[in-house]
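Results of the structural survey
Next come the chains, spelled out residue by residue.
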Amino acid sequence: RWLERIVARVAVDAQEVFPTDDLLDHIPLLLDGIADYMEDPADEITADVPVIAKAMELGELRLAQGFDAHEILKEYEILGGVLFSYLVGIVDSVEEECTRGELLACGQRLFRAVAIIQQVTANRYLRVADEHVREREDRLRGFNRTVSHELKNRLGAALGASAMLSESWVVEDAEQRARFLRTIADNLETMKQVLEDLLALSRMDRNARQQRNVMLPEAMAEAVRQLREMAEDQDVRISLAEDLPRVEVDAAAVELCLVNYISNGIKYADPDKPDRWVHLAASREGLEDEEEVVIEVRDNGIGVPPDARDRLFDRFYRVTGGTVTGAEGSGLGLSIVRETVESIGGRAWAEFDDDVGSTFKIALPSRRAADALSP
Ligand code: ADP
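Below is a summary of the structure that appears in this document. Here the structure is a predicted model, which is why all the values come from computation and not from measurement.

Re the site of the ligand
Taken together, 20 residues sit near the ligand, with Tyr268, Asp299, Arg318, Ser330 and Leu334 positioned nearest. Residue Lys267 places a side-chain N or O atom 2.9 Å away from an oxygen atom belonging to the ligand. Bound to the protein, the ligand loses 98% of the 530 Å² it would expose on its own. Those elements that provide at least two residues to the shell around the ligand are helix 11 (251-267), helix 12 (333-343) and strand 7 (358-365). With three residues, helix 11 is the largest single contributor of residues to the shell around the ligand. Split by residue class, the shell around the ligand holds eight nonpolar, nine polar and three charged.

Right under this line is the structure:
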């Protein structure tokens, strides 16, 4: 009844309320803990009894599932209600002599036990939620520092060059003038790209709050659709593998990452190749319990020199500096991809297993409960 009533309150499937056998074991353990306390109230529920560890685990699970704190409180209120009505049902069949006062005290102990466990679960939930917020704040501060630093440098370079334009020796020298104008334009262009990336990121944050899950093949098709025009303009063919696993993924995160990877594949296509392509594929990898879905974007572009490969995902790092293909960029794209997938428990990296082009990948944890939805 407890399970049914939780399910009726929150938008989570019944199997997901306690998604693994281990978690399903929570119920008897929680009940045992409560019963022990009722039998012997002198034995306080202390931190080392198993029921406390289970109650804490439940707090972490509920956070991961996106319950809010109020729902946890409610969940235990329901448990208290279910147990109390059981107590009312059996109280008449108790054979031992007892006073009314003793029966009331028994009810009071029941609620006290539930309240203790509720508190432990809620505290754990709030503690972990707090840690997540702090972690995100730290990352954000670091990110702000790097971005501000980069913008300040760019602005400084552009201002410096514009001051030079009024120097008499520059005014008279067309070549020098052109050089300083180019410095101004390049730096402004980079600042524009940085701002565009930041805007994309803030859109992503908004989407992530109202997390929208979609099937992986749809998310991949959507990313391809967004870049079809750009690919046609640059004469690059985009193809999508047919056997994509049907797992649920976070739409905003996957689309943001793939749009970055694919647009890089297009931007850094090899001008000397007649057939230029970007190919997308995905597969499930790893063991049952820790299965992940790996998505890859492979291209036959200009590739990345071995000594630059380690730094690709660093903020503002650019190998070509826009000189080889004239591709514009901020050097932020890949670092944003990495931040985004890591924030949802995944990984992002690049592989260069032969000398043709590059392969950029992301791996996302793939939950079994979500997999169960696939046909
Ligand atoms: P940018 O805005 O410069 O494209 P990214 O962070 O997306 O920034 O990429 C960083 C650098 O990595 C790029 O400047 C480019 O030198 C290199 N790079 C990224 N993707 C590819 C690719 N598919 N092929 C070759 N080089 C790439």
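So, the nonpolar core
Of all hydrophobic cores here, the largest spans 41 residues; its most connected members are Leu216, Leu258, Tyr261, Ile262 and Ile295. Residues within four places of Ile295 in sequence aside, it is in contact with Leu216, Met220, Val254, Leu258, Ala281, Ala282, Phe360, Lys361, Ile362 and Leu364.

Structural notes on the pattern of salt bridges
According to the stated counting rule, one finds 20 salt bridges in the structure shown. For Asp130, the salt bridge goes to Arg134, with nearest N and O atoms at 3.5 Å. Placement of both Asp130 and Arg134 in helix 7 (residues 100-164) is noted, with a separation of four residues, approximately one turn of the helix. For Asp130, a relative accessible area of 44% corresponds to the partly exposed category. Residue Arg134 is classed as partly exposed on the basis of its relative accessible area, which comes to 43%. A salt bridge links Arg237 to Asp275, with the nearest nitrogen and oxygen atoms 3.1 Å apart. Taken together, the residues span a long stretch of sequence, with Arg237 in strand 2 (residues 237-240) and Asp275 in the loop between helix 11 and strand 4 (277-285) at a distance of 38 residues.

The rules we used
Residues numbered from 1 in each chain as written. Predicted model: local features only at pLDDT ≥ 70, side-chain atom pairs only at ≥ 80, totals over all residues. Heavy atoms only, no water. Near = heavy atom within 4 Å. Polar contact = N/O pair within 3.5 Å; in protein donor to acceptor, adjacent residues only side chain to side chain. Areas by Shrake-Rupley, 256 points an atom, 1.4 Å probe, with all protein chains shown as cover. Helix = DSSP H or I, 4+ residues; strand = E, 2+ residues; numbered from the N terminus. Nonpolar A, V, L, I, M, F, W, Y, C, P; charged D, E, K, R; others polar. Core = buried A, V, L, I, M, F, W, Y, C linked by side-chain atoms within 4.5 Å. Buried < 20%, exposed > 50% of the residue type's maximum accessible area, 1.4 Å probe, protein only. Contact = heavy atoms within 4.5 Å. Salt bridge = Lys/Arg side-chain N within 4 Å of Asp/Glu carboxyl O.

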